[in-house]
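# Chains, contacts and geometry: an overview
Spelled out, the chains give:
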Amino acid sequence: MQIEHDSVRDRRALLKNGLVLAATLAVPGTVSAATRRLTQQDLRPIAEPPLPAPRPMVAARPITSPRVVRPDLMRQALAALQGHGSRVAQRDRIAIADMAAPSSEARFHLIDLVSGKSRSFLVAHGSGSDPAHTGFLKRFSNEPNSNASSEGSFVTADYYVGKHGRSQRLVGLDPTNDNALARAIVVHSAWYANRDMLRSHGMLGRSQGCFAVGEGDLSDVFALLGPGRMIYSAKV
């Protein structure tokens, strides 16, 4: 019996040693690492992996367009035109001032509602709407002496010649701009709304709340506007 136990024990030991040897051989360098001394080469720090190449910066797309009226703004303008009914006699064309755009963009859109064609012009906003002169309208106001642009629907009235030359009176149709006539908020031209202001200053100058367009654009704006049409001004 003792001989049989010794034989079994010997077989188990042999099997165990065989498994250890197989595991050792399965790991490259295990035997050599156990039998040789570490060198300076082994102690070198492992190099860090290279950093990924930086992605190119992509400029954010502007929310406005100098060529087309944004759909949400267009919907608001058409709803206003419908809402004011007979107070706007001429309904074939409409002007939309997109005051979410900076003054460096052509944001005064004149749209032919029959043909779908449009033209866009530079237009200045009031100094009271942009006190720090950033080129962006910050607020609207209907208050006298605020020098700010007003929000809402206007109807174009008669032409006259005043301190800014040829001008067109506007009548405010909403509670947000019903002081327009008393405040003398009009359409006129101004040197500070000319395109060369963008080359020298990167933005237009500011009006006293009027829709001031470039001196070379006034005739085209008047021809497209005419009396009895709506101007819709908003920041959406």
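Here, the structure is the one placed above.
Residues numbered from 1 in each chain as written. Predicted model: local features only at pLDDT ≥ 70, side-chain atom pairs only at ≥ 80, totals over all residues. Heavy atoms only, no water.

This paragraph deals with the pairing of strand β6 (residues 165-172). Of the pairings in the sheet, the one linking strand β5 (residues 152-162) to β6 comprises seven bridges and is antiparallel in character. Bridge pairing in β6 places Val 161 opposite Arg 166. Where β5 folds back on β6, the antiparallel hairpin that results is connected by two residues. Judged from the three bridges that link them, β6 and strand β7 (residues 186-189) form a sheet pairing that is antiparallel. If you follow Ser 167 over to β7, its bridge partner there is His 188. (Pairing = 2+ DSSP bridges. Helix = DSSP H or I, 4+ residues; strand = E, 2+ residues; numbered from the N terminus.)

Judged by nonpolar contacts, the single largest core of 20 residues is most densely connected at Phe 108, Val 187, Phe 211, Val 221 and Ile 231. If you list the elements that add at least two residues to this core, you get β1 (93-98), β2 (108-112), β8 (211-213) and α6 (218-225). The greatest single-element share of this core, amounting to four residues, is contributed by α6. The residues touching Phe 108, leaving out its near neighbours within four places in the chain, are Ala 95, Ile 96, Ala 97, Arg 119, Ser 120, Phe 121, Val 123, Phe 211, Val 213, Val 221 and Ile 231. (Core = buried A, V, L, I, M, F, W, Y, C linked by side-chain atoms within 4.5 Å. Buried < 20%, exposed > 50% of the residue type's maximum accessible area, 1.4 Å probe, protein only. Contact = heavy atoms within 4.5 Å.)

This brings us to the pattern of salt bridges. Throughout the structure, instances matching the rule amount to six salt bridges. Linking Asp 98 and Arg 70 is a salt bridge whose minimum nitrogen-to-oxygen distance equals 3.0 Å. In this pair, Asp 98 is assigned in strand β1 and Arg 70 in the loop between α2 (30-35) and α3 (71-84), connecting sequence segments 28 residues apart. As far as the burial class goes, Asp 98 and Arg 70 line up, both buried. Among the ionic contacts, a cluster of salt bridges with common partners joins Arg 70, Asp 72 and Asp 98. (Salt bridge = Lys/Arg side-chain N within 4 Å of Asp/Glu carboxyl O.)

We now examine the side chain of Asn 194. For Asn 194, the location among the structural elements is in the loop between β7 and α5 (196-201). When its relative accessible area of 15% is taken as the criterion, Asn 194 is described as buried. Excluding its chain neighbours within four sequence positions, the residues that come into contact with Asn 194 are Leu 204, Gly 214, Glu 215 and Gly 216.

One pass over the full model with this rule turns up four aromatic pairs. On the basis of an interplanar angle of 35° and a centroid distance of 5.9 Å, the ring pair of Phe 108 and Phe 211 is categorised as tilted. Of this pair, Phe 108 sits in strand β2 while Phe 211 sits in strand β8; the two residues are 103 residues apart in sequence, bridging distant segments of the chain. Joined through ring pairs, the aromatic side chains of Phe 108, Phe 154 and Phe 211 make up one cluster. Here Arg 169 stacks its cationic end above the ring of Tyr 160, 4.0 Å away from the centre of that ring. (Phe/Tyr/Trp six-rings, centres within 6.5 Å; stacked < 30°, edge-to-face > 60°. Lys NZ or Arg CZ within 6 Å of the ring centre and 35° of its normal.)

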